[in-house]
Amino acid sequence: MDAAESFRLSWRAIRSHKLRSALTVLGVVIGVGAVITFVTLGASLQADILGQVGGERTPNVYVWAGPEGQNGGPGAGAQPVFTERDLDELRALSGVSAVVPRGIVPTAAVSSGGDTVAQRQVIATSPASFDSASFAAGRPFRQGEREVVLNERAARLFETQAVVGDEVTLRLASGESVGAEVVGLLNASAGGGPFAGLDSQPLVFVPTDPFYGTTIESPETGETQRVYPTVTVIAEDFGAVAGAKTDVRAYLDDRSDAAALVPDDYAFSVRTDQDLVDQIEELLSTLTDFVTGIAVISLIVGSIGIANMMLVSVTERTREIGIMKAVGAQKRDVLQLFLLEAVMLGVFGAVAGVPVGILGAYAAAEYVGLSLVFPLEWFAIAVGVGLLVGVVAGLYPAWNAARTDPIDALRYE
Amino acid sequence: MAASHSDSAPDVGPDREDAVSLRDVRKTYYLGEPVHALDGVTLSIPRGSYTAVMGPSGSGKSTLLNLIGCLDTASEGEVFVNGTEVSELSDRDRTRVRGDEIGFVFQTFNLMPKLTAAENVALPLVFQGVSRSDRRDRAEAVLAEVGLGDRTDHRPNELSGGQRQRVAIARALVTDPAIILADEPTGNLDQETGEQIMGLFQRLHDEGHTVLMVTHERPIAEHAERVIHVLDGTIERVEEIESPRRVETDV
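Quick caveat, the model's predicted, so the values are computed rather than measured.

The rules we used
- Residues numbered from 1 in each chain as written.
- Chains lettered and ligands numbered in written order.
- Predicted model: local features only at pLDDT ≥ 70, side-chain atom pairs only at ≥ 80, totals over all residues.
- Heavy atoms only, no water.
- Domains from an automatic or database assignment.
- Axes fitted to C-alpha atoms, helices over the stretch in contact; angles between N-to-C directions.
- Helix = DSSP H or I, 4+ residues; strand = E, 2+ residues; numbered from the N terminus.
- Parallel < 35°, antiparallel > 145°, perpendicular 65-115°, else oblique.
- Left-handed = near helix turned anticlockwise from the far one by under 90°.
- Contact = heavy atoms within 4.5 Å.
- 1 Å grid on protein atoms, 1.4 Å probe; cavity = no way out; pocket = protein on both sides within 12 Å on 5 of 7 lines; lining within 4 Å.
- Points joined across faces, edges and corners; volume = space filled by probe spheres on them.
- Nonpolar A, V, L, I, M, F, W, Y, C, P; charged D, E, K, R; others polar.
- Phe/Tyr/Trp six-rings, centres within 6.5 Å; stacked < 30°, edge-to-face > 60°.
- Buried < 20%, exposed > 50% of the residue type's maximum accessible area, 1.4 Å probe, protein only.
- Buried area = accessible area lost by both parts, 1.4 Å probe.
- Polar contact = N/O pair within 3.5 Å; in protein donor to acceptor, adjacent residues only side chain to side chain.

This next bit is on the domain arrangement of chain A. What the domain assignment lists for chain A is domain 1 (3-51 + 280-411) and domain 2 (80-261). Computed over C-alpha atoms, the centres of domain 1 of chain A and domain 2 of chain A are 58 Å apart.

Structure, rendered in structure tokens:
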């Protein structure tokens, strides 16, 4: 039997019970639609977040010592273990252009222009941590000077917004008050780097000298030195990142002060921007897979609907199968007819499900304010899945039809 | 000496002139204990003949029809359809022989309810791989032959019983089969319509078609040249009808 005639006969069978076919197709539409919605949302979310994180990729290697096996973000649980000597050693590694320490100075409040606002901590770092492009006004602070850099949120904390040249007073946790001059304001897009997290909070940056006071005696030299919980190693270029990462880890494990200072069940984390992006990506795809998995369940339910309808259809048309066999239909012909009917239902469902899914994703994206990214390959996959669902759901009923005994079938009432 | 081995020689094989022949055919069903539906039937249906099969229900006439129609296989013995031994054929080849050589006409018409008259008639050609336009042409020609040239696009539920049976006969004829098997073709029709259908069979016979008809009505059987009486799975007797009943008003 030629394919065109199979299509005609199967199509006629579908049309002869429109409502039943429509409801069966609806099951697949919902299933495919749900999958498309969640996959599209997942892809959009991923693109959105990676756009935020990965957009400003730098040749940086982030180093900290955290509890072993902890899978938190950069700097999670970091202990101050990196001494000034470690920083010098790291600076000496090949391919490294700068090493930026970063520490926390506990504070109680910050005052500017007579207005005092609570501030739990300020960040002590070196001028190299700033990119000149990230300044809205002013310049980085200088090491050894009483100068501060504020990010946009921090500048807006005060009644009269802080500007370059203002005097601020840091009230340290020890109760001591220290005056400093605002020399730079970061623009809105400049974040605090991976160690500060993704959400923008008020950040006050100060030079490590003279503000950072956390010190220890270097186990190697015995000198009292500043010790930092997190370090950013800036490679010369992107090509040097991988090498720098390896060298940094080798140094830390081998001969660093940090190796001697680190608690027993702590481990060094040495991550590049790419590692962080990969980690977020993995997290997001796990989430997407999970939600898609739930949607796939509804697709399975839809395919059970097809199988159910096909079984009923085969039973109803037993006599027709007998007639076809009596006039020379081969098993293969009968199998083909019923399988094609199931596949058509599956494909119709998938084809209709794709726009429904897109619509669903669009509505959800509007609601949460995401810009949509369409995973085009998934639309092809959806149609493929519809085909597959049809075959899987139709195979047993069609096989049942094909092996019907024509004698019994012709007698069937 | 030479004559002694002629008993087993194949010269008693199927006559080339026979549309169908059966040799010592047995059909046994095992329903707890063996039931012999057919118990050693030898029979030949010559080409162009008109034969009726009569017998009470359970006599084995349906089994006989199923075997000749390649719907069932014999437990023992040989069944030749147009010179081909079908008992040993694969399901696939037997289906092909059925499609090519057998035309069925049933008591309950057995038309496809969703297909038009022309599509019903063309259905056997679909499975033979005949092209769509050829199918249409041949179906229309055969429908015209059975007097339904103006009903080609009607569905079965838009046709009368007699018209439905004509469509079924047209479907049986469309492949130009070796034999037309009719199972109680007038059983669901009133007297007058039945007569018209018998007139159609008579005309087909006159035109040279081979017809085998199962019936339990004596007056219907008398339209044939021969009546085979089946009883308890064996052929009780073969009755030659001196002057078969003719239908006066032809279609």
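In this section: the packing of helix α5 (residues 161-173) of chain B against helix α6 (residues 191-206) of chain B. Helix-helix packing is described using two parameters, namely the angle between the two axes and the distance between the axes. Residue and element names in this part refer to chain B. Orientation of α5 relative to α6, taken along the N-to-C sense of each, is 20°, at an axis distance of 10 Å. Taken together, α5 and α6 sit at an angle that is classed as roughly parallel. Seen along the crossing, α5 lies across α6 with a hand that is right-handed. Contacts between α5 and α6 pair Gly162, Gln165, Arg166, Ile169 and Leu173 from the former with Thr193, Gln196, Ile197, Leu200, Phe201 and Leu204 from the latter.

What follows covers empty space enclosed by the protein. Following the criterion strictly, the structure yields two cavities of 30 Å³ or more and no others. Lining the largest cavity are 14 residues, with Leu9, Ala13, Arg317 and Glu320 of chain A together with Met112 of chain B positioned closest to its centre. Elements with a minimum of two residues in the lining of the largest cavity: α1 (3-16), α9 (318-326) and α10 (331-368) of chain A. Of the residues forming the lining of the largest cavity, the biggest block, five residues, is contributed by α1 of chain A. Grouping the constituent residues of the lining of the largest cavity by class yields seven nonpolar, two polar and five charged.

Residues and elements named next belong to chain B. Contact geometry for helix α3 (residues 117-128) and α5: axes closest at 7 Å, N-to-C directions at 30°. The angle between the axes of α3 and α5 places the two elements in the roughly parallel class. Crossing handedness for the pair α3 and α5: right-handed. For the pair α3 and α5, contact is made by Ala117, Asn120, Val121 and Pro124 and by Val167, Ala170 and Arg171, respectively. A breakdown of the residues in the contact of α3 with α5 according to their chemical character gives five nonpolar, one polar and one charged.

There is about 710 Å³ of room inside the second largest pocket. Elements that contribute at least two residues to the lining of the second largest pocket include exactly α12 (406-411) of chain A together with α1 (61-68) of chain B. Counting residues per element, the lining of the second largest pocket draws most heavily on α1 of chain B, at five residues. Of the residues in the lining of the second largest pocket, the class split is eight nonpolar, 11 polar and seven charged.

This brings us to the packing of aromatic side chains. All names here are of chain A. For the structure shown, the criterion picks out eight aromatic pairs over all chains. Consider the rings of phenylalanine 130 and phenylalanine 205, whose centres lie 5.3 Å apart with planes at 85°: the pair is edge-to-face. Here phenylalanine 130 is found in the loop between β5 (121-125) and β6 (135-138), whereas its partner phenylalanine 205 is found in strand β10 (residues 204-207), with 75 residues between them in sequence. Given a relative accessible area of 12%, phenylalanine 130 falls into the buried group.

Taken together, the contact pairs 27 residues of chain B with 23 residues of chain A. Across the interface of chain B and chain A, roughly 2400 Å² is buried in total on both sides, 59% from carbon and sulfur atoms. When the area that chain B buries against chain A is broken down by residue, the three leading residues are Met112, Lys114 and Phe127 of chain B, summing to 26%. Taken together, the links from chain B to chain A amount to six residue pairs in polar contact (both at pLDDT 80 or more). The element contributing the most residues to the side of chain B that touches chain A is helix α2 (residues 91-101) of chain B, with six residues. Among the residues forming the side of chain B that touches chain A, the class breakdown is 11 nonpolar, five polar and 11 charged.

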